[in-house]
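# Structural characterization, general
Here is how the chains run, residue by residue.
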Amino acid sequence: GLDESRQRRTHQLQHVAQVLRSKCTFAGDVLEQGLREGRRALKQANWASLLFSTTPITGAFSKLPVTIFLLVCGVWALLMVFGPQGHVYALLNRNIVVGSHFQLR
């Protein structure tokens, strides 16, 4: 409850303090350089190694084909919901939703 919340908040503050101490200890932008190197490594990695890494979703998002595919899927979903034959149009104008596969249990 409340005690766990305080512990979590204390842990977060300690983590922030530790990161700030690390930033002040090293000259230049050592931490940012490490992040840039990680991003560069993700971009240069092949598909097989990305899928079996510790962060496969993050790795997949670094690839342009995945980003384009998700963008196309998002546009398609928006058209299905808000387009001229979409569910919102059907609800507002005819008070019905057209569907082809419904199962009542």
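Whatever comes next refers back to the structure up there.
Below or above, wherever it landed, is the structure these notes cover. Just so it is clear, the model here is predicted, and its values are computed rather than measured.

Here we take up the overall build of the protein. The number of helices and strands found in the protein is six helices and zero strands. Burial status across the protein gives 9% buried among its 105 residues. Taking all contacts inside the protein whose residues are at least 6 apart in sequence as the whole, residues at least 24 apart take part in 0%. Approximately 9400 Å² of the protein is accessible, and the part contributed by carbon and sulfur atoms is 65%.

Another aspect to go through is a nonpolar patch on the surface. There is a patch of nonpolar side chains on the surface, built from Trp76, Leu78, Met80, Val81 and Phe82 and spanning about 550 Å² of accessible area. The topology assignment puts valine 81 in helix α5 (residues 64-82).

Position of lysine 63 among the secondary structure elements: in the loop between α4 (56-61) and α5. Note: C-alpha distance between lysine 63 and tryptophan 47 (16 residues apart in sequence) is 8.6 Å. When sequence neighbours within four positions are dropped, the list of residues in contact with lysine 63 reads Leu42, Lys43, Gln44, Ala45, Trp47 and Leu50.

Rules of the game
Residues numbered from 1 in each chain as written. Predicted model: local features only at pLDDT ≥ 70, side-chain atom pairs only at ≥ 80, totals over all residues. Heavy atoms only, no water. Helix = DSSP H or I, 4+ residues; strand = E, 2+ residues; numbered from the N terminus. Buried < 20%, exposed > 50% of the residue type's maximum accessible area, 1.4 Å probe, protein only. Contact = heavy atoms within 4.5 Å. Areas by Shrake-Rupley, 256 points an atom, 1.4 Å probe, with all protein chains shown as cover. Patch = residues over 30% accessible without salt bridge, like charges linked within 9 Å, V, L, I, M, F, W, Y side chains within 5 Å. Salt bridge = Lys/Arg side-chain N within 4 Å of Asp/Glu carboxyl O.

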